[in-house]
Amino acid sequence: MSLPAVLSDPVIEGEFSTEELAPTVAPETPIPSHVASDVLKGTSALALGIFLERGAGFLANILAARLAGASTFGAYSLAIGTANNVSTYAAGGIGATATRFSGKYPFDSSGYATLARVLTIVSLVSAIAAAFGLWFGAAPIAHLLHKTDLTNLLHWAAISAAGMILLECARGFFVGQRRLAALVLLSLVVGTGMVTLLPWMASTRRAVPMIVVQSCITLVSVAVCLLFARQLNLFATTSSSLPLIPMLREVWSFGFVQLVGLVGVNLAGWWLTALVARSDVTLEQISFFSIASQLRNLTGLLPGLLTEGSYSTMADTTGEHLRTPQRVMALCTYVSTGTTFTIASLGIVIAPWLLHLLYGSAYRSAGLAVAVAFAIALVHMGNAPAAARLTIASLRYAGIVNTIWALLVACVGTLLLYRGGGAALAMSVYFAAHIVSSALVLFALSRKDHVPAGLVKLFILSTGGVFVLLVLSFLRERYVGHGLSITAVMFLLFLLTLAALVILGKQYGWFPTTSAIQHMRKSTTLIVRRTVHTFFRRRSYEN
């Protein structure tokens, strides 16, 4: 649960001239067609694999939450969250590292084989360190949480921490090397395993079997890809290779830089979760916090893919004189904001009924926490392209924003939750911190780069609209007898804000024309067809 993602290493770092926002601005020059095509291809290729894994994972968690019950699912979620944080510290963002160096040493280069060996060494050492770290740290962590009975569960979660590192390294490597068949297979094994085995273990209403099966799925998925490495065309095609030690030193150094940037953000997020757990005897609030986070992550899935797919374009220096990277950032920000606002606002409006439909009556009390989580998704993902551009314009400023976010979450969370508090209050802390960080990102870009006209208006309009929806959601929870009337007002507010976003998009040339939408649909279909055709043609040839 962290601040708008600081994506991989910036290609450039420097200062650019600042321009004031004009009061009235004509639509900007259209983005070149080849740039739009690169963004679309990058997003579509990444989406194909991730959709399988995260879609199936989301379904698996829904079934597990219903079958295990709130308390058991809360314990499972707490253990998985702890394992995820430990794996982050041990590996230093191994997925982003693998993706970054895959771009530097592509498949047909002399450094590919060496990179594969280096990443194998780094991931295995990190996995072992994570497993031992969580195993020996299980008792102190359980004591800190005031949940000494979770010590055994955290011991088992040590295996999960190791599996997460290996899985993230493999995924980052496949994405960076554009090994789409391997990425799809990895995602398919993980997704299928989660959706079939996790609910089965959840039916036992014991958290330990759930942790064990999750750990096995991560390890088996990587092993399957290694087993079919030749068929997946993962072996190097060139016999030459680069020296191992210098590249190993380079990768370790970059991982350490990644770790420095991640420690504060992840530690603040885990501390907020720990504050909820300390006062939650039954762990029901942790389960509410977990499902709210899942819905938030699902809401931001497509906008997140758009940001990742456009990152290389925003880092391309060849279009700086035309401000193409900044216009790409503005367009992606508008699309991300519009998409997320639609999904998040409708989620807030129907939250009580959505929870009952997906998770059952046991999670009815999670309505307000889920509503705030949807609002976080809007602020987070609407700001993601700008945050990504900031890592290119100034990594130092991006690090400062991350640090401020982490301090806000940790300090305000401790102040409000140290003596007790539920999932809704914890999510509210996140929401406030994300608003502050988004404003700081725009301010930093105005100082170090360029903020296209209209982005500040877009931020104020979307954030203000979702904030009013949250206030109405709170009133609906408090005045149950007027629930339907308040819901009708919420839906009307959603329509009015959405109309205002459309008008704003047309004013600044961000809203796509009919021909652009048709071209995007045809291009996406063509990319998917080519990918599937290439995969099956290769398999047929090998057989």
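Residues numbered from 1 in each chain as written. Predicted model: local features only at pLDDT ≥ 70, side-chain atom pairs only at ≥ 80, totals over all residues. Heavy atoms only, no water.

A few words on the overall build of the protein. When helices and strands are tallied, the protein shows 18 helices and zero strands. With 543 residues in all, the protein has 52% of them scored as buried. Long-range contacts, defined as pairs at least 24 residues apart, comprise 86% of the intrachain contacts of the protein with a sequence gap of at least 6. Accessible area of the protein: about 24,000 Å², with a carbon and sulfur share of 68%. (Helix = DSSP H or I, 4+ residues; strand = E, 2+ residues; numbered from the N terminus. Buried < 20%, exposed > 50% of the residue type's maximum accessible area, 1.4 Å probe, protein only. Contact = heavy atoms within 4.5 Å. Areas by Shrake-Rupley, 256 points an atom, 1.4 Å probe, with all protein chains shown as cover.)

Right, let's talk about unusual backbone geometry for a bit. Despite not being glycine, R205 shows a phi value in the positive range, around 60°. By secondary structure assignment, the location of R205 is in the loop between helix 6 (180-202) and helix 7 (207-227). A positive phi angle, close to 65°, is found at L283, a residue other than glycine.

For helix 2 (residues 70-91), built from 22 residues, the straight-helix expectation of 32 Å at 1.5 Å per residue is met to within 8% by its first-to-last C-alpha distance of 31 Å. Burial of helix 2 is extensive: 17 of the 22 residues sit out of reach of the surface. A positive phi of about 60° marks G92, the residue just after helix 2. (Expected span 1.5 Å × (residues − 1).)

A few words now on the environment of L119. Checked against the element boundaries, L119 lands in helix 4 (residues 112-144). For the pair L119 and C169, spaced 50 residues apart in sequence, the C-alpha to C-alpha distance is 7.4 Å. In this structure L119 touches I94, A98, C169, F173 and V251, once residues within four positions along its chain are discounted.

As for its position among the elements, F474 is in helix 16 (residues 455-478). Classification of F474 by relative accessible area gives partly exposed; the value is 40%. Considered as a pair, F474 and A371 are 103 residues apart in the sequence and their alpha carbons are 9.0 Å apart.

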